[in-house]
Amino acid sequence: MEETLKATTTATALPCDLNAHYQIADQISRELPKPDVQIITSGSRRIPAHSGVLASVSSVLENIIDRPRKHRSSERIIPIVGVPFDAVAAFVRFIYSSRCNEEELEKFGIHLLALSHVYLVPRLKQRCAKAVGQQLTIENVVDVLQLAKLCDAPDLYLKCMKLISSHFKALEKTEGWKFMQNHDPYLELEILQFIDEAESRKKRTRRHREEQSLYMELSVAMDCLEHICTEGCTSVGPCDVQPNKKRGPCSKFSTCQGLQLLIKHFATCRNRVNGGCSRCKRMWQLLRLHSSMCDHLDSCKVPLCRQFKLKMQQEKKGDDALWRLLVRKVVSARVMSYLNLPKRQRGATERHKTVQWD
Ligand SMILES: [Zn+2]
Ligand SMILES: [Zn+2]
Ligand SMILES: [Zn+2]
């Protein structure tokens, strides 16, 4: 390795500190002709390079190389200033070897991101955006956000915005935020809008989840109601089934005990007729919901099932759009619970079963 390197150094007369840059590609370097381009970096430091290699990786560099020169004999010069020399060296090394180590990414990720964007090296840009995203802190996030915008790095932009919106209180105290407020009010507005939208997205998701869990509860209640009214459970059941008083608490549904109490209450409540009892109202709704979902017709043993069906036919209540929507949602929740549910949703179903119906 060392010998090869020495050979390379003599053959192409590269400055010492650059040998390391070509180390990875030493095999290639040995076969390369003398460098024909000089990259001039900050502090007038030079990196000799090969126009063919630069042009093959970056179309922007290719255009610069192909620009007509004043004198045919004058050497080709590509100025890359404004970033540290070591960052440019790492950039050139990537062009030669398609490699970039973690240390370089950590140290010069921001600069390499800018360079890879300006000179159109998408593979390096991708790696840099990812690396910079991993180094995000409250202190640097505003700067990185600005860079992500400039460099058109949407993943990094989103990552910054998410960090900003989840740590906004802490962020407001940073110098970066204060500076940005004074110098870039449009970006401030953009950030505030993102936070606002994220909040309402969160609210929508929460509401959707709550609704889903309600439909799931109702679906379980429907199953449980059929179970009680068809098989009979503990002390409640259809007249043709003997209640077995010796049986312990229901193991089929955790809501069963509560629903049984509710049914017992419904059967005996005196306030029901006046409509002044909220427990009876709830039972009434459950029975109506059952009837709307039930397709057993005459064989159904759930109380009032037929009566509700008839009433709905007579009054054309089936046209109540909201009620139909509720029925549809509970039916689909029921289907979901019968299908092989993914773990996360199964957990949710378990939670619903703990709801008390009495
Ligand atoms: Zn039961
Ligand atoms: Zn009542
Ligand atoms: Zn029924």
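Residues numbered from 1 in each chain as written. Chains lettered and ligands numbered in written order. Predicted model: local features only at pLDDT ≥ 70, side-chain atom pairs only at ≥ 80, totals over all residues.

For the protein, an unreviewed UniProt entry supplies the name BTB domain-containing protein and the organism Hevea brasiliensis.

**Description of the nonpolar core**
Counting residues in hydrophobic clusters, the biggest one holds 46 residues, and the most contacted among them are Phe-91, Val-92, Leu-112, Leu-113 and Ala-148. Residues within four places of Leu-112 in sequence aside, it is in contact with Ala-87, Ala-90, Phe-91, Leu-105, Leu-124 and Cys-128. Among the nonpolar cores identified, the runner-up in size contains 26 residues, and Met-216, Cys-229, Cys-233 and Leu-262 belong to it. (Core = buried A, V, L, I, M, F, W, Y, C linked by C-beta atoms within 7 Å. Buried ≥ 20, exposed ≤ 12 C-beta atoms within 10 Å, placed from the backbone. Contact = placed C-beta atoms within 7 Å.)

**Quick look at the packing of helix 7 (residues 102–118) against helix 8 (residues 122–134)**
Two numbers describe how helix 7 lies on helix 8: the axes approach to 8 Å, and their chain directions differ by 140°. Taken together, the axes of helix 7 and helix 8 lie oblique to each other. The element helix 7 and its partner helix 8 pack so that their crossing is left-handed. Contacts between helix 7 and helix 8 involve Leu-105, Glu-106, Gly-109, Ile-110, Leu-112, Leu-113, Ser-116 and His-117 from the first element and Leu-124, Lys-125, Arg-127, Cys-128, Ala-129, Ala-131 and Val-132 from the second. In terms of residue class, the contact of helix 7 with helix 8 is made up of nine nonpolar, three polar and three charged. (Axes fitted to C-alpha atoms, helices over the stretch in contact; angles between N-to-C directions. Helix = DSSP H or I, 4+ residues; strand = E, 2+ residues; numbered from the N terminus. Parallel < 35°, antiparallel > 145°, perpendicular 65-115°, else oblique. Left-handed = near helix turned anticlockwise from the far one by under 90°. Nonpolar A, V, L, I, M, F, W, Y, C, P; charged D, E, K, R; others polar.)

**Remarks on the sheet that holds strand 1 (residues 37–41)**
Read across the open sheet, the three strands follow the order 2-1-3; overall the sheet is mixed. The sheet is open, and its two edges are formed by strand 2 (46–49) and strand 3 (76–80), each paired on a single side. Strand-to-strand twist of the sheet, defined as the mean angle between neighbouring strand axes without regard to direction, takes the value 25°. Bridging between strand 1 and strand 2 involves four bridges; their strand directions are antiparallel. What sits directly across from Val-37, in strand 2, is Ala-49. (Pairing = 2+ DSSP bridges.)

**Focus on helix 9 (residues 141–150)**
Looking only at helix 9, the buried set comprises Val-141, Val-142, Val-144, Leu-145, Leu-147 and Ala-148. For helix 9, the elements touching its buried residues are helix 7, helix 8, helix 10 (154–166), helix 11 (168–171) and helix 12 (175–183). Of the residues one or two after helix 9, Asp-152 is the one with positive phi, at around 55°.

**Some points on the packing of helix 6 (residues 85–97) against helix 7**
The geometry of helix 6 relative to helix 7 is characterised by a closest axis approach of 9 Å and an angle of 80° between their N-to-C directions. By the criterion of interaxial angle, the relationship of helix 6 to helix 7 is roughly perpendicular. Counted together, Asp-86, Ala-87, Ala-90 and Phe-91 of helix 6 and Glu-104, Phe-108, His-111, Leu-112 and Leu-115 of helix 7 form the full contact between these two elements. Within the contact of helix 6 with helix 7, the residues separate by chemical class into six nonpolar, one polar and two charged.

**Structural notes on the environment of Leu-124**
With respect to the helices and strands, Leu-124 occurs in helix 8. The exposure class of Leu-124 is buried, given the 25 C-beta atoms found within 10 Å. Sequence spacing of Leu-124 and Gly-109 is 15 residues, and the spatial spacing of their C-alpha atoms is 9.8 Å. The contact partners of Leu-124, leaving out residues within four places of it in the chain, are Phe-94, Cys-100, Leu-112 and Ser-116.

**Looking at the pairing of strand 1**
Across the two faces of strand 1 the burial differs, with Val-37, Ile-39 and Thr-41 buried and Gln-38 and Ile-40 not buried at all. The antiparallel pairing of strand 1 with strand 2 creates a hairpin that spans four residues between the two strands, and Gly-43 there sits at a positive phi of about 75°. In terms of strand pairing, strand 1 meets strand 3 through five bridges, oriented parallel. Paired with Ile-40 across the two strands is Pro-79, which belongs to strand 3.

**Focus on unusual backbone geometry**
Even without being glycine, Ser-44 reaches a positive phi, approximately 55°. Looking at Ser-44, the number of C-beta atoms within 10 Å reads 9, which means it is exposed. One non-glycine residue with positive phi stands out, namely Ser-98, at about 60°. Tracing the backbone through its elements, the reader meets Ser-98 in the loop between helix 6 and helix 7. Given 13 C-beta atoms within a 10 Å radius, Ser-98 is considered partly exposed.

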